Amino acid sequence: MSGEISELFTEALELAPGERDRFVAGIAARDPDLASALARLLARAEDESSPLDRSPWTPFVPSAGLAPLIPLTPLNPLAPLPTLPPLTASGNAATEPQRPDFPDRIGPYTIVRELGRGGMGRVFLAEERTEEYSRSIALKVIDRPIVDGDALRRFRDEVRILSILEHPGIARFLSGGKSPEGVWYLALEYVDGDDLLTWAREHDLDARGRVQLFRSVLDPIAFAHAKRIVHRDLKPTHLLIDRQGRPRLLDFGISKLLAAEGGAELAETRTEARALTPAYAAPEQFRGEPATPATDVFALGVVLYELLSGRRPFLETSAAARDLEHAILHSDPAPPSTAARRSRAAQKRSKPQPDTGKARSGANTTTARVLNRDLDAICLKALRKNPADRYVDADAMAADLDAHLSGRPVGARRGGWRYRTGRSLYRHRVATALAAALVIAAGAGIFGISAYREAARARPAVPAVPALALLSQAKAAELEKEFAAHPGNSAIGAQLVIALVREGRMPEAEVALGRVRQIPGSADEPFVDHAEGVLATSRGELQRALALSSRSLELAEKQRRGDLVPTFRLAHARALSDLGQTAASLADLRTALREANAANDDVSRAIALNDLAVAKLQEGQFRAGEWLLLQALAAARRAHDDVRIAVSEINLAGLAFERGRPDLAAAYNEETALTFRRLGRERRAAGVDLEHSRALRDLGSPAEADRLLERAIAGLRKVEDQQILSAAFYDKALTAIDRGEFPAAEALATAIGENARASGKSALLALVDDTHARIELAHGNLSAARRHFAAAWTMQRQEDDLNAAFSVALCQGDLELRAGNPAVAHALIERELAALPAREPDSSSDFFGEILLARADLALGAIASAERRLSARRAEGESSPSLSRQLAFVVADSERADAAGDAAARDALLRRAITIAERVDHSEDAERFRQALESAAPTPTSNQQ
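Residues numbered from 1 in each chain as written. Predicted model: local features only at pLDDT ≥ 70, side-chain atom pairs only at ≥ 80, totals over all residues. Heavy atoms only, no water.

### Quick look at the overall build of the protein
No. 1: Helix and strand content of the protein: 38 helices and 11 strands.
No. 2: Across the 945 residues that make up the protein, the buried fraction comes to 59%.
No. 3: The contacts in the protein between residues at least 6 apart in sequence include a share of 65% that link residues at least 24 apart. (Helix = DSSP H or I, 4+ residues; strand = E, 2+ residues; numbered from the N terminus. Buried < 20%, exposed > 50% of the residue type's maximum accessible area, 1.4 Å probe, protein only. Contact = heavy atoms within 4.5 Å.)

### A short note on the pattern of salt bridges
No. 1: As enumerated under the stated definition, the model contains 63 salt bridges in all.
No. 2: The partner of Glu830 in a salt bridge is Arg869, and the shortest N-O contact between them spans 4.0 Å. Of this pair, Glu830 sits in helix H33 (residues 822-835) while Arg869 sits in helix H35 (residues 863-879), and the two are 39 residues apart along the sequence.
No. 3: Salt bridges sharing partners connect three or more residues here, namely Arg215, Asp219, Asp402, Arg517, Asp529, Glu532, Glu541, Arg544 and Arg551. (Salt bridge = Lys/Arg side-chain N within 4 Å of Asp/Glu carboxyl O.)

### Considerations on the packing of aromatic side chains
No. 1: Under the criterion given, the structure shown has 4 aromatic pairs.
No. 2: With centroids separated by 5.9 Å and ring planes inclined at 70 degrees, the aromatic side chains of Tyr109 and Tyr185 adopt a geometry described as edge-to-face. Taken as a pair, Tyr109 in strand S2 (residues 109-117) and Tyr185 in strand S6 (residues 184-189) lie far apart in primary sequence, 76 residues in all.
No. 3: Residue Tyr109 is classed as buried on the basis of its relative accessible area of 3%.
No. 4: Judged by its relative accessible area of 10%, Tyr185 falls in the buried class.
No. 5: Consider the rings of Phe527 and Phe568, whose centres lie 5.9 Å apart with planes at 75 degrees: the pair is edge-to-face. Of this pair, Phe527 sits in helix H18 (residues 526-538) while Phe568 sits in helix H20 (residues 565-578), placing them 41 residues apart in sequence.
No. 6: With a relative accessible area of 0%, Phe527 lands in the buried category.
No. 7: Taking NZ or CZ as reference, Lys381 lies 5.0 Å from the ring centre of Tyr391, over its face. (Phe/Tyr/Trp six-rings, centres within 6.5 Å; stacked < 30°, edge-to-face > 60°. Lys NZ or Arg CZ within 6 Å of the ring centre and 35° of its normal.)

### As for the sheet that holds strand S7 (residues 193-195)
No. 1: The 3 strands lie next to each other as S7-S9-S10, forming an open sheet whose pairing is antiparallel. Two strands lie at the open edges of the sheet, namely S7 and strand S10 (247-249), each paired on one side alone. Going from strand to strand, the sheet's axes swing by 35 degrees on average, the running direction of each strand aside.
No. 2: Pairing of S7 with strand S9 (residues 239-242), which is carried by 3 bridges, proceeds in the antiparallel orientation. Across the sheet, Gly193 pairs through a bridge with Asp242, a residue of S9.
No. 3: Across the sheet, helix H6 (residues 207-226) touches S9 and S10, and the angle it forms with S10 is around 40 degrees. (Pairing = 2+ DSSP bridges. Axes fitted to C-alpha atoms, helices over the stretch in contact; angles between N-to-C directions.)

### Topic: the side chain of Ser865
No. 1: Looking at the element boundaries, Ser865 is found in helix H35.
No. 2: Of the polar contacts made by the side chain of Ser865, one reaches the side chain of Asp857; its length is 2.7 Å. (Polar contact = N/O pair within 3.5 Å; in protein donor to acceptor, adjacent residues only side chain to side chain.)

### Observations concerning the environment of Ala905
No. 1: Relative to the helices and strands, Ala905 is located in helix H37 (residues 903-919).
No. 2: Among the residues examined, Ala905 registers a relative accessible area of 22% and is labelled partly exposed.
No. 3: Linking Ala905 and Ser894, residues 11 residues apart in sequence, is a C-alpha distance of 7.2 Å.

### Quick look at the packing of helix H27 (residues 702-719) against helix H28 (residues 722-738)
No. 1: Here H27 crosses H28 at 150 degrees, and the two axes come no closer than 9 Å. With respect to H28, the axis of H27 lies roughly antiparallel. Between H27 and H28 the crossing geometry is left-handed. Across the interface between the two elements, Asp706, Leu709, Glu710, Ile713, Leu716 and Arg717 of H27 pack against Ile724, Leu725, Ala728, Phe729, Asp731, Lys732 and Thr735 of H28.
No. 2: Considered class by class, the residues forming the contact of H27 with H28 number 7 nonpolar, 1 polar and 5 charged. (Parallel < 35°, antiparallel > 145°, perpendicular 65-115°, else oblique. Left-handed = near helix turned anticlockwise from the far one by under 90°. Nonpolar A, V, L, I, M, F, W, Y, C, P; charged D, E, K, R; others polar.)

### Quick word on the pairing of strand S5 (residues 173-178)
No. 1: Pairing of S5 with S6, which is carried by 5 bridges, proceeds in the antiparallel orientation. Within S6, the residue paired with Phe173 across the bridge is Leu188.
No. 2: The turn joining S5 and S6, which pair antiparallel and follow one another in sequence, is formed by 5 residues; a positive phi near 85 degrees is taken by Gly182.

### Notes on helix H31 (residues 782-798)
No. 1: Between its terminal C-alpha atoms H31 stretches 24 Å, which fits the 24 Å expected from 17 residues at 1.5 Å a residue.
No. 2: When H31 is considered as a whole, its buried residues turn out to be Leu782, Ala784, Ala785, Phe789, Ala791, Ala792, Trp793, Met795, Gln796 and Gln798.
No. 3: Buried residues belonging to H31 abut helix H30 (763-778), helix H32 (802-818) and H33.
No. 4: Just beyond H31, the residue with positive phi is Asp800, at close to 65 degrees. (Expected span 1.5 Å × (residues − 1).)

### Side note on the pairing of strand S3 (residues 121-129)
No. 1: Taking burial as the measure, the 9 residues of S3 include 7 buried ones, the bulk of the element.
No. 2: For S3 and strand S4 (residues 134-142), the ladder comprises 9 bridges, and the chain directions are antiparallel. Paired with Gly121 across the two strands is Ile142, which belongs to S4.
No. 3: Hairpin connection, S3 to S4: the antiparallel pair is bridged by 4 residues.

### Thoughts on unusual backbone geometry
No. 1: At His640, a residue that is not glycine, the phi angle is positive and equals roughly 55 degrees.
No. 2: Mapped onto the fold, His640 is located in the loop between helix H23 (622-638) and helix H24 (642-658).
No. 3: For Asp921, which is not glycine, the phi torsion reads 65 degrees and is therefore positive.
No. 4: Mapped onto the secondary structure, Asp921 falls in the loop between H37 and helix H38 (923-934).
No. 5: Taking relative accessible area as the criterion, Asp921 reaches 24% and is therefore assigned partly exposed.

See the structure below:
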């Protein structure tokens, strides 16, 4: 019983006296003996007459003006403020309390004053002084009368958890253990700030500002969840905003690791003793069920609800604990917009307050007016009773908030489980295919917006600083040596962080950033914010990346560091672009290009030109984009910058492939892969191998394409890049379907689905449905294929990937032709083409879209229209280096010949289709064309179901 009573005693100490009595009464209903023992302990806790039960030091009552900065006990916002003693003219209390009798030191730390009290003891402001430096720390100490095995276990768990949580948004662990005086202590970074509710109120934030503030606190929580750590006690007083406006996460006292050491299976993280804060606890915590990241999501939902509406979603703190528990377990809260309106109405009915009109929890009247259904949906999804129905973790919740902030659809309003995690580092390119009779070479992708952005974003954002010029392209190993030789140089440390990011070593980059942030003066070094912004971008934390890039640019301009300004402005432009703020991004890019030209800085010039080219390519202006890319390549070559040369060539390769020139794409890719391997960039080299394999397959070299695809998969497994690895699995699955190897394709679809669940990337689920659809189509199961294609298309549109959605729509169109629904196919493709941005005629979308429209025209009897479409594409369709384009055109042309009654031409075209299909290793299609030829079928693909 000792373990349980210790936990119950700790929880009871957090409660007000009246709440404490009700708490004990509730326990008495199920276990009178336990309740009796607990009541005795609580009575003794109030009596300090026994030296055995007394704390080693008496409570410290600070003098006026030294109130605790970090309250660790829940505050009742409705309770009146305590009456302060009268002040003298000097501002001191009339009767100033004497300094309490507590030790001046604990271990190496000098105690200054008490900051607050928590479940296991007290927290003091202390100082650590050495000959070299002096710093303030927060010292957490066990000083409760009961210090049994469970309390010590929790304390040691906190030490172990904090030791692996090195993140700028988490109060840093400094040291911990048992002091020479016999006191268990935990030394943490001291955070001077306000909880986010107070911060929002004091800064009078509107609804958008509050969402952005809340979004910023999710990053450290998402980091903990990625480490498989659940906080289990998230509440406003544990979510601070420091004096620089940065979020800081506190108190892992009841946190748990979800996995045992050594990579064991997930361990159940239960809350039998219910060490929790009731107002923010999830239903499963009251039930004593396993805690997961979704448990933290529930608490975050309560905080967000309170931040936006000024009310908590269930009952206020003044409610009885039993009533609050019942409400959390059994009632559903009103939407926060409704709660905000009710709060505003109540304020109007009440007497005028002597305040400025701000709501007590921080929600102002402007906030109440502009809450919308997106925010309602996000809050209510986080507050669902079943953990499986909530966001899976803080990263998933952050993704939906990012979508809301950027004006995109939020997952919470799309059925409750599909959500975005920000734009991916790499977005796959779905193969453009006309399914069975018009199967394009596996992986022949539409070169879409997201792929351009990946190529632009993938470049290492290394500033052109003369003092660090030799380090700008250095490997992390070299920079580690430089940093070891100059440990006080935060700029070199920032370069190390960037190098680790570009080498895909994210955990090491996070640790390195933590080290850099500890260097005195690092807060004034713009390089450090820049490096942190690069890391944030790599993790998909787009709002945070924008804030950091803004700060680094502002610092560089303020310090008149003209050598840094163009590079930092470019990083800012990319951050704006990632969040969809295109106009502001382009303005930054043009300014940066002018600055680079004025400084004759070819490195920044190459980046600016490349990014401006990306913007043109996104608009479908291929010729203008190509000219800018060639200028960027020339600037990179003048600067002898191999990385930027390779980035420009990646974009040129993608553009060539999109325009039906896989031969040019292959030449660029071959050179780029060699560059990245020479520089030790295995992840980037593996990504280029994947692109190269697609180009070679489209050129009719399937064996070499297979070799490169396998090398890409091996490289991506080595660097654990699940996103690009799934794209490679998808390519391999399409190849298996082309060859009739359906069990292999099913296995690959399963692997993609596992990656989607492991990484939380919902975009990957579209690939799973797409693969299943193609398998069903190959088997002639049109209804099942239609369902899978529809699901894949919906997810791609929700991901804002119009080009990938168009690729799926082409497959849907061909399916409808096979099902005898040419009007449906025609309308579908017309709709999808209209949804795409303006583009030039040689784009993949225009070519394949026009070919399918021609086939639909033929099936509808609109022969003249079909002939006009095919005539416009004949030269390209008959002589393109892209065999996928040749195959698509030849199949359509055979249908035209058949409609014209020209059997000889039809048969000749079918024989050519067989030859092309064999060259690209599409054995299933080659066999289908043979059957059509032998049976003298009117078309190579029947319109009968």
